[in-house]
Amino acid sequence: MATRTAEMVDRLRPAYGLDEDALLRYARDNVPGFPLGPVKLTVSQFGHGQSNPTFLLQVNSGVSVQRYVLRKKPAGHLLESAHAIEREFQVLEALGLHTQVPIPKVFSLCTDVSVIGTAFYIMEFLDGRLFTDPKLPGLTSGQRRNIYNETAKALASIHKVDPDAIGLKKYGRRDNYCKRQVERWAKQYLASTEDGKPYRNPKMLELIDWLRQHIPLQDSSKSVGTGLVHGDFRIDNLVFHPTEDRVIGILDWELSTLGNQMCDVAYTCLPYIMEMKYGDEVSYEGFEMTGIPEGIPSQAEFLTEYCIATGKPWPAAEWKFYIAFSMFRGASIMAGIYRRWIMGNASGGQRAQYGEKLANAFIDFAWGFINLKSVLPDQPPSLARDYSNKFQGENGDLKVASGRFLPSSQVLELRQKLLKFMKDHIYPMETEFSKRAHSNMRWTVHPEEENLKELAKREGLWNLWLPLDSAARARELLFDRVDFDSQGKWNNRLLGAGLSNLEYGYLCEVMGHSLSAPQVFNCGAPDTGNMEVLLRYGTKEQQQEWLIPLLEGKIRSGFAMTEPKVASSDATNIECSITRERDSYVINGTKWWTSGAMDPRCRLLIVMGKTDFNAPLHRQQSMILVDIKTPGVHIKRPLLVFGFDDAPHGHAEVSFENVRVPVTNILLGEGRGFEIAQGRLGPGRLHHCMRTIGAAERAMQLMVRRALSRKVFGKLIAEQGSFLSNLAECRIELERTRLLVLEAADQLDRLGNKKARGIIAMAKVAAPNMALKVIDIAMQVHGAAGLSSDTVLAHLYAVARTLRIADGPDEVHLGTIAKLELRRAKL
Ligand SMILES: Cc1cc2nc3c(=O)[nH]c(=O)nc-3n(C[C@H](O)[C@H](O)[C@H](O)COP(=O)(O)OP(=O)(O)OC[C@H]3O[C@@H](n4cnc5c(N)ncnc54)[C@H](O)[C@@H]3O)c2cc1C
């Protein structure tokens, strides 16, 4: 249950008796709007919280009652740098003046200790709800989910603040935050335990050593992942609106500074691992062990929500450090609180007596966490975030639904927009685009395609394929994390909408309905795969030169791996040579089926070749960036698929004759080609599958329309029994394949490329084979028209057929599936 903020006060404790007359004099002079006439002042102290004593001031003028909050330093001797009231005031004032971060408004800071004995400040009283128990008892599961999602967003709102822009440039040193914090809290722990009260735990000393040895690399950075840090961000420091599930105030900024923001995130996640209990407890297990209350997202989901709101990379690799660090800091703080309890000046009341017990629990849990085998999935899970239980059908009606693959409201909204865009702009242009592709202007771009791209960009239907974690790297490297609006939404459309692969699946399918659609939304192959390579493996300079124009849709690209002379389904056979000569690499070889290389906008080729013919088999290959205009690159001819040349995109045979490029064009380093190929192919293969589902869906629509309008032998085709069973079979195959593809996308999101490779291989085989069957029946129903170019069916069929070979033939994927199956049997 929530507690109203006004109910959090106890009766004023005698140790903190304030000089009320002096206080009133000060407030009248310094707090805007404070009643000037005689008033009755009632002072009561908030019992919640352990740090700076905080008081509710009720000022009754006889006409009205105004409420303020006063926060001061504790009396007595204080540990160095603790209880910095002045800093709290500074950060709150800056945030209040310049940002939308929800905080109480501050009125006045008093550093004159003669007024009430210590420095203090006065701020607005927020009437709202506080949740002191992170399990949120007494709330519905929907409310719990909202509260956690809002918590993630509130934290993100702090982390998106640019401290330089709001006068907090010197609020702290940004680099080496964890390193400095480990030393600071270690020192504090040693000081708090210097005479054995509380007991100095040797496991804490080992923990300090472990932390020193595991400080994340990015901690030394001044820009990446750093910014404003709250320092004590947890649900019970948030005031929620009295009736709505939204944060109206973030409290307790005593430990705020500039530094590594992931520390805040980990600290917020502690209830998942350990429960803070003040009493003679035996177990402190967090709700990941005791069972997550219904509605509260898992730790990974909570983190995903935060990563989406901030655009930060998935922190799996360093998560052990951040959690252990939070526990260690908690232990040090608790030891300090216990010490103050012994000395008689703890501000949080009776609970301080349990400080020593809690400090030791923190230390034990830190070690328990460090010793876990795995703490987070490799990739963010696809989200159950803000999933409504209403599913919007194709015709816009809302149906109540539940289940695993229920799109989020964000995805549903994008899908509706996409369907409308397809209806209004894509389908009407298909014939026109096709006419140009068969004319002598075939290798030029129809101007309307460029117009539609601009329209798609404006409508937010741009680069939707771009996965959250890949976008995060570009955000850090290229955009300096400034591409958010005040609500925390990404306003830089270049980096997509922050979707997971699963979420994109629902949209990619829609694009697959038309062969003209993907490039209009900058979601076409091979550009998406190439952008993914640059996002994941490109240097900042490579990204600036090639990735940005690709993300903008100003240029296109090709991927040149396959060679006419060798069986290229096994890429170890590739013979193209990439030879280092001083500051250049020289490339020689012939490629074919380089899709997109015929396009007049194509500027970049990612070429796979061998840098070392004598290295171990999978270390011979490298990938290198080649400007298509480099001397020695010859586009020899377009290849045809069943007579379709796919103009203006095309599939080219390309020769490379002594093509010289700078050494800085190598991707990731020599011998890393296979590694990159693995990263590139997973999502790209699934995109093909998703579009293939869309193509099959289009064929179903055409099939049914034809069957309902064409009579054969006196009856509509739709009344012929053979057709009805074919139709039903097609629907069954289509639905089961869609589920397989969504499952593969979900596993890719949750488990990563490597662990999801089996199911991705299944989807890659199943989708084109299903589509070929469905399109084949659709063509059959159309009679001769189905084989002509008067419908899209023949072209859809040709594309679906190529997918049984392109991106690896069926046999290779079947081999992968079988191998995994046998391996499982041996375990
Ligand atoms: C339309 C289209 C677009 C393409 N776009 C690109 C592109 O942009 N960039 C690029 O580099 N390539 C592209 N390709 C090429 C494609 O990736 C290759 O064709 C594919 O990898 C197979 O290589 P291959 O043609 O050399 O066939 P091969 O390696 O010679 O294989 C021939 C056949 O051998 C059989 N086979 C292979 N391996 C096994 C096995 N392990 N077990 C049993 N049988 C097996 C299969 O039946 C296979 O079809 C494209 C191809 C097409 C048709």
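Heads up: these notes are all about the structure in this document. One numbering rule holds for all chains: residues counted from 1, following each sequence as written. Per-residue local features are limited, in this predicted model, to residues with pLDDT of at least 70; the limit for side-chain atom pairs, both in listing and counting, is 80 or more; totals at the level of whole chains, interfaces and linings are taken over all residues. Note that water and hydrogens are dropped before the side-chain values are worked out from all heavy atoms of the structure.

For the purposes of this entry, the term helix denotes a DSSP run of H or I that reaches at least four residues, the term strand denotes a run of E that reaches at least two, and both are numbered from the N terminus. The helix and strand tally for the protein stands at 24 helices and 23 strands. Whether a residue is buried, partly exposed or exposed follows from its accessible area with a 1.4 Å probe, protein chains only, as a fraction of its type maximum: under 20%, in between, or over 50%, in that order. Counting all 827 residues of the protein, 57% fall into the buried class. Carbon and sulfur atoms form 53% of the exposed surface of the protein, whose accessible area is close to 35100 Å². A 1.4 Å probe and the Shrake-Rupley method give the accessible areas. Residues count as covered only by the protein chains that appear here.

This part covers unusual backbone geometry. Here the amide bond leading from Ala 525 into Pro 526 is cis, since omega sits at 0°, within 30 degrees of zero. For Pro 526, the location among the structural elements is in the loop between α17 (517-520) and α18 (527-537). Put simply, Ala 647 and Pro 648 share a cis peptide bond, and its omega is 5°. Non-glycine residue Asp 252 carries a positive phi angle of around 60°. With respect to the secondary-structure elements, Asp 252 resides in the loop between β11 (247-250) and β12 (257-260). With phi around 50°, Asn 658 is a residue other than glycine that occupies positive phi space. For Asn 658, the location among the structural elements is in strand β21 (residues 651-662). Looking at Asn 658, the relative accessible area reads 53%, which means it is exposed.

Tracing the backbone through its elements, the reader meets His 782 in helix α22 (residues 757-782). Owing to a relative accessible area of 7%, His 782 belongs among the buried residues under this scheme. Throughout, a residue-residue contact means that at least one pair of heavy atoms, one from each residue, lies within 4.5 Å. With sequence-adjacent residues up to four places away left out, His 782 is seen in contact with Leu 702, Met 703, Arg 706, Thr 791 and Leu 793.

On the surface, a cluster of positive charge is contributed by Lys 754, Arg 757, Lys 819, Arg 823 and Lys 826. The dominant element in the positive patch, judged by the number of residues it contributes, is helix α24 (residues 810-826), at 3 residues. Positionally, Lys 819 belongs in helix α24. Patches were defined on residues exceeding 30% relative accessible area and lacking a salt bridge, with like-charge contacts within 9 Å and nonpolar side-chain contacts (Val, Leu, Ile, Met, Phe, Trp, Tyr) within 5 Å. What counts as a salt bridge is simple: a side-chain nitrogen of Lys or Arg found within 4 Å of a carboxyl oxygen of Asp or Glu. Positive charge is attributed to Lys and Arg, negative charge to Asp and Glu, and no charge count is given to His or to the chain ends. Lysine's charge is taken at NZ, arginine's at CZ, aspartate's at CG and glutamate's at CD.

With that settled, the discussion passes to the site of the ligand. The near set for a molecule or strand comprises every residue that places at least one heavy atom within 4 Å of it. With respect to spatial proximity, 18 residues lie near the ligand, and among them Phe 559, Thr 562, Ser 569, Trp 593 and Glu 811 are the closest. Between N or O atoms, a polar contact is any pair within 3.5 Å; within protein, one atom must be a potential hydrogen donor and the other a potential acceptor, and residues adjacent in sequence are included only when both atoms are from side chains. The separation between a nitrogen atom of the ligand and a polar side-chain atom of Ser 595 is 2.8 Å. When the free accessible area of the ligand is taken as 980 Å², the share hidden by the protein chains comes to 67%. When residues of the shell around the ligand are traced back to their parent elements, those giving at least two are β17 (584-595) and α24. Amino acids outside the nonpolar list (Ala, Val, Leu, Ile, Met, Phe, Trp, Tyr, Cys, Pro) and the charged list (Asp, Glu, Lys, Arg) are all regarded as polar, and Gly is one of them. The residue inventory of the shell around the ligand, partitioned by class, reads 10 nonpolar, 6 polar and 2 charged.

The subject of this paragraph is the packing of aromatic side chains. Each Phe, Tyr or Trp ring (for Trp, its six-membered ring) is paired with any other whose centre lies within 6.5 Å, and the angle between the two planes then decides the class: stacked below 30 degrees, edge-to-face above 60, tilted in between. Under the counting rule described, the total for this entry stands at 14 aromatic pairs. Judged by centre distance (5.2 Å) and plane angle (70°), the ring pair of Tyr 26 and Phe 120 falls under edge-to-face. Placement of the pair is Tyr 26 in helix α1 (residues 20-30) and Phe 120 in strand β7 (residues 120-124), with a sequence separation of 94 residues. Just as Tyr 26 is buried, Phe 120 falls in that class too. Ring plane angle 70° and centroid distance 5.3 Å describe the contact between Phe 131 and Phe 240, whose orientation is recorded as edge-to-face. Of this pair, Phe 131 sits in the loop between β8 (129-130) and α3 (141-159) while Phe 240 sits in strand β10 (residues 238-240); the two residues are 109 residues apart in sequence, bridging distant segments of the chain. Taken together, Tyr 148, Tyr 272, Phe 287 and Phe 302 form an aromatic cluster joined through their ring pairs. Counting as a charge over the ring demands two things of the Lys NZ or Arg CZ atom: a distance within 6 Å of the ring centre and an angle within 35 degrees of the ring normal. The residue whose ring lies beneath Arg 87 is Tyr 171, and the NZ or CZ to ring-centre distance is 4.0 Å. Across from the ring centre of Tyr 267, 4.8 Å away, lies the NZ or CZ of Arg 329, which sits over that ring.

A word on helix α23 (residues 793-802). Among the residues of α23, Leu 793, Ala 794, Leu 796, Ala 798 and Ala 800 are the ones counted as buried. If you follow the buried residues of α23, they end up packed against α20 (673-709) and α22.

The next subject is the side chain of His 446. Of note, His 446 is situated in the loop between α13 (430-437) and α14 (447-458). One polar contact links His 446 to Glu 432, side chain to side chain, over a distance of 3.3 Å. If near-sequence neighbours (up to four positions away) are discounted, His 446 is found in contact with Met 429, Glu 432, Phe 433 and Arg 436.

Time to look at the state of the cysteines. Criterion for a disulfide: a pair of cysteine sulfur atoms within 2.5 Å. Taken as a whole, this structure holds 0 disulfides when the rule is applied. Of the cysteine sulfurs around Cys 523, a residue in no disulfide, the closest is that of Cys 508, at 7.1 Å. Under the relative-accessibility criterion, Cys 523 is labelled buried at 0%.

Now for the packing of helix α4 (residues 177-192) against helix α5 (residues 202-213). An axis is simply a line fitted to the C-alpha atoms; with a helix, the fit covers only the stretch in contact. Between two such axes, the angle follows the N-to-C directions and lies from 0 to 180 degrees. At their nearest, the axes of α4 and α5 sit 11 Å apart, and the two run at 170° to each other. Classified by the interaxial angle, the pair formed by α4 and α5 is roughly antiparallel. Between α4 and α5, the residues in contact are Val 182, Glu 183, Ala 186, Tyr 189 and Leu 190 and Met 204, Leu 205, Ile 208, Leu 211 and Arg 212, respectively. Across the contact of α4 with α5, the residue classes tally to 8 nonpolar, no polar and 2 charged. Just so you know how the angles are binned, under 35 degrees is roughly parallel, over 145 roughly antiparallel, 65 to 115 roughly perpendicular, and the rest oblique.

This part covers the pairing of strand β16 (residues 577-581). When DSSP finds two or more bridges between a pair of strands, those strands are recorded as paired. Alignment of β16 against β17, held across 5 bridges, turns out to be antiparallel. Each bridged residue has a counterpart across the sheet, and for Ser 577 the counterpart in β17 is Asn 588. Taking the residues that link successive antiparallel strands as the turn, the β16-β17 hairpin has 2 residues, and the phi of Arg 582 there is positive, at about 50°.

Take the pattern of salt bridges next. Counted under the stated rule, the structure contains 43 salt bridges. We note a salt bridge from Lys 73 to Glu 86, for which the minimum N-O separation is 3.5 Å. Of the two residues, Lys 73 sits in the loop between β5 (65-72) and α2 (85-98) while Glu 86 sits in helix α2, which places them 13 residues apart along the sequence. The residue Glu 733 makes a salt bridge to Lys 773 at a minimum N-O spacing of 3.0 Å. One end of the pair, Glu 733, is in helix α21 (residues 721-755); the other, Lys 773, is in helix α22, with 40 residues separating them in the sequence. Three or more residues are tied together by salt bridges with common partners; here these are Glu 449, Glu 450, Lys 453, Asp 527, Arg 556, Asp 599 and Arg 601.

Given a helix with a known number of residues, its expected span is that number minus one, times 1.5 Å. With 17 residues, α24 ought to run about 24 Å at 1.5 Å a step, and its terminal C-alpha atoms sit 24 Å apart, in line with that. Among the residues of α24, those classed as buried are Asp 810, His 813 and Ile 817. Buried positions in α24, seen along its axis, are confined to an arc of 80° and lie on one side of it. Residues Glu 811, Lys 819, Leu 822 and Lys 826 are exposed on α24 and point more than 90 degrees away from its buried face. Those residues of α24 that are buried are in contact with α20 and α22. Taken from the helix axis, the directions to the C-beta atoms give the arc we talk about.

Let us look at the nonpolar core. One recurring pattern in soluble globular proteins: nonpolar side chains tend to sit buried together. One finds Phe 521, Ile 587, Leu 605, Val 626, Phe 656 and Leu 686 to be the most contacted residues of the largest nonpolar core, which totals 117 residues. Leu 136, Phe 328, Leu 358 and Ala 361 belong to the second-largest nonpolar core, a separate cluster that totals 102 residues. To define a nonpolar core, start from buried Ala, Val, Leu, Ile, Met, Phe, Trp, Tyr and Cys residues and group those joined through side-chain atoms within 4.5 Å.

Quick look at the packing of α21 against α22 now. The geometry of α21 relative to α22 is characterised by a closest axis approach of 8 Å and an angle of 155° between their N-to-C directions. Looking at the two axes, α21 sits roughly antiparallel to α22. Remark: the crossing between α21 and α22 carries left-handed chirality. Of the residues in the contact of α21 with α22, the class split is 17 nonpolar, 4 polar and 7 charged. Crossing chirality is assigned from the near helix's rotation relative to the far helix, an anticlockwise turn below a right angle marking it left-handed and a clockwise turn marking it right-handed.

Its place among the elements puts Arg 710 in the loop between α20 and β22 (711-712). In this structure Arg 710 comes out as partly exposed when scored by relative accessible area, which is 44%. Residues Arg 710 and Val 781, spaced 71 residues apart in sequence, show a C-alpha to C-alpha distance of 9.1 Å. Non-local contacts of Arg 710, meaning those with residues more than four positions away in its chain, are made with Lys 715, Leu 716 and Ile 717.

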